[in-house]
Amino acid sequence: GGIFVAPVLATLTARTEPKTYMASFCDVMLKVSLAPTVSVESLLKPNYVQGFGFTNCALPMQDALAKNIPVDVFVVLTDNEVNTGTMHPVQALQKYREKTGIQAKLIVVAMTSTGYSIADPKDGGMLDVVGFDAQAPAIMRRFILGEETRGDEVATPVAETAGEPDGDSEPDVG
C-alpha cells in the first residue's frame, strides 16, 4: 500500500509545487530527485519502490535544520508511524521552529493505522492523516493555507477504500 502511494503523491507534489525538497528516509535521509514529468509507471519500478528499515519521522526536521533549509511545511508520507530516533517528531519540529524562527507546519500521512498519532493535537500547526482518499489533498491544502475545513470532509482510511475494513466505523483522520 503506502510504499506505492508515497512516490506517486510526492510526484504530484513536485508537479504542483514549484519549491519542494524531496527526501526518502528510514533511519537515514536520502535525497530524491523526482522530475515533474516522471510517469506513474516508472515510479512503481524497483528502483523507486524500496523496502527500508525502521522509520524515524523526526529526520526531516532534523535534516532541514542541519542543512539550514527553510521549510514552511513538512509533509511526511509513511507506511508506518514508528519513531526509532532519539527525538520525537514533535520535539524535532519545535526545535526547528525555535532555531529558524519559521513557524513550520507538520503533516504526517500514514498509509496504515497503528493506533496512535505523531502530531501533537494541542498544536494547531500539526496534522495527522491516516489513510488517503480523493479528499485528503484538499484537506491538507486548506490546513497548509490556514483555512478552516468542514467537519464533513473526512478522508476514508486506505484499508476501507481497499475493501479491507479496519474494524473501526469512524474514519481515521487527525
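Every value quoted in this text rests on a predicted model; they were computed, and no experiment measured them.

Enquirer: I tried to follow the overall build of the protein chain on my own but got confused; where do I start?
Expert: If you tally the helices and strands in the protein chain, you get six helices and five strands. Each helix and strand of the protein chain, ordered N terminal to C terminal, gives the series α-β-β-α-α-β-α-β-β-α-α. Counting the 174 residues in the protein chain, one finds 39% classified as buried. Partitioning the intrachain contacts of the protein chain with sequence separation of at least 6 by distance along the chain shows that 59% fall at a separation of at least 24.

Enquirer: What exactly am I supposed to notice about helix 4 (residues 89–100) here?
Expert: Since the α-helix turns once every 3.6 residues, residues separated by three or four places project in the same direction. End to end, helix 4 covers 16 Å across 12 residues, agreeing with the expected 16 Å (1.5 Å per residue, within 8%). Along helix 4, the positions that sit buried rather than exposed are Pro89, Val90, Ala92, Leu93, Tyr96 and Arg97. Seen along its axis, helix 4 keeps its buried residues to an arc of 165°; they face one direction. Away from its buried face by more than 90 degrees, helix 4 exposes Glu98 and Lys99. Packing partners of the buried residues in helix 4 comprise helix 3 (59–66), strand 3 (73–78), strand 4 (105–110) and strand 5 (126–130). In the segment just after helix 4, Gly101 is the residue with positive phi, at about 80°.

Enquirer: Explanation requested: the side chain of Asp128 in the structure shown.
Expert: Relative to the elements of secondary structure, Asp128 occurs in strand 5. The buried charged residue Asp128 lacks any salt bridge, with Arg97 as its nearest oppositely charged partner at 12 Å. Within the structure, Asp128 has its side chain in polar contact with the backbone nitrogen of Ile118 (distance 3.3 Å). A polar side-chain atom of Asp128 sits 3.2 Å from the main-chain amide nitrogen of Ala119.

Enquirer: It is not clear to me how the pattern of salt bridges should be interpreted in this structure. Could you clarify?
Expert: For the structure shown, the criterion picks out two salt bridges. Salt-bridge contacts for Asp63 lead to Lys67; the nearest nitrogen and oxygen are separated by 3.2 Å.

Enquirer: Is there a simple way to think about the packing of helix 3 against helix 4 in this case?
Expert: Two numbers describe a pair of packed helices, the interaxial angle and the distance between the axes. As a packed pair, helix 3 and helix 4 sit with axes 8 Å apart at the nearest point and diverge in direction by 25°. Taken as axis vectors, helix 3 and helix 4 run roughly parallel relative to one another. In this structure, the crossing between helix 3 and helix 4 has a hand that is left-handed. Here Met61, Gln62, Ala64 and Leu65 of helix 3 lie close against helix 4, whose contacting residues are Pro89, Ala92, Leu93, Lys95, Tyr96, Lys99 and Thr100. Of the residues belonging to the contact of helix 3 with helix 4, the class tally is seven nonpolar, two polar and two charged.

Enquirer: Looking at this structure, I do not really get the sheet that holds strand 4. What am I missing?
Expert: Two orientations exist for strands paired in a sheet by backbone hydrogen bonds: parallel and antiparallel. Ordered by their spatial adjacency, three strands build an open sheet running 3-4-5, and the pairing between neighbours is parallel. Two strands bound the open sheet, and with one partner strand each, they are strand 3 and strand 5. Geometrically, the sheet is characterised by an average inter-axis angle of 10° between neighbouring strands, direction not taken into account. As paired elements, strand 3 and strand 4 share six bridges and run parallel to each other. Bridge assignment links Phe74 to a residue of strand 4, and that residue is Leu106.

What counts as what
- Residue positions are counted from 1 within each chain, in the order its sequence is given.
- In keeping with the predicted nature of the model, local features appear solely for residues at pLDDT of at least 70, side-chain atom pairs appear and are counted solely at 80 or more, and the whole-chain, interface and lining totals rest on all residues.
- Side-chain metrics in this entry use all non-hydrogen atoms of the structure; hydrogen atoms and water are not considered.
- By the criteria applied, helices consist of DSSP H or I runs no shorter than four residues and strands consist of E runs no shorter than two, each listed in order from the N terminus.
- In this scheme, a residue with accessible area under 20% of its type's maximum is buried, one over 50% is exposed, and one in between is partly exposed, where area comes from a 1.4 Å probe on protein chains only.
- Any two residues having at least one pair of non-hydrogen atoms within 4.5 Å are treated as being in contact.
- In this scheme, a helix's expected span is set at 1.5 Å multiplied by one less than its residue total.
- Taken from the helix axis, the directions to the C-beta atoms give the arc we talk about.
- Charge counting follows a simple rule: Lys and Arg are positive, Asp and Glu are negative, and His as well as the terminal groups are ignored.
- Put simply, a salt bridge is a Lys or Arg side-chain nitrogen that is within 4 Å of an Asp or Glu carboxyl oxygen.
- As used in this structure description, the phrase polar contact means that two N or O atoms lie within 3.5 Å; if the pair is within protein, one of them must be able to donate a hydrogen and the other to accept it, and residues adjacent in sequence are counted only when both atoms belong to side chains.
- Note on method: axes are straight lines fitted to C-alpha atoms, helices fitted across the in-contact stretch only, with angles between N-to-C directions ranging 0 to 180 degrees.
- When describing relative orientation, an angle under 35 degrees is termed roughly parallel and one over 145 degrees roughly antiparallel, while 65 to 115 degrees is termed roughly perpendicular and anything else oblique.
- Take the far helix as your reference; a near helix turned counterclockwise from it by less than a right angle gives a left-handed crossing, and one turned clockwise gives a right-handed crossing.
- Amino acids are sorted into nonpolar (Ala, Val, Leu, Ile, Met, Phe, Trp, Tyr, Cys and Pro), charged (Asp, Glu, Lys and Arg) and polar (every other residue, Gly among them).
- Two strands pair if DSSP finds at least two bridges between them.

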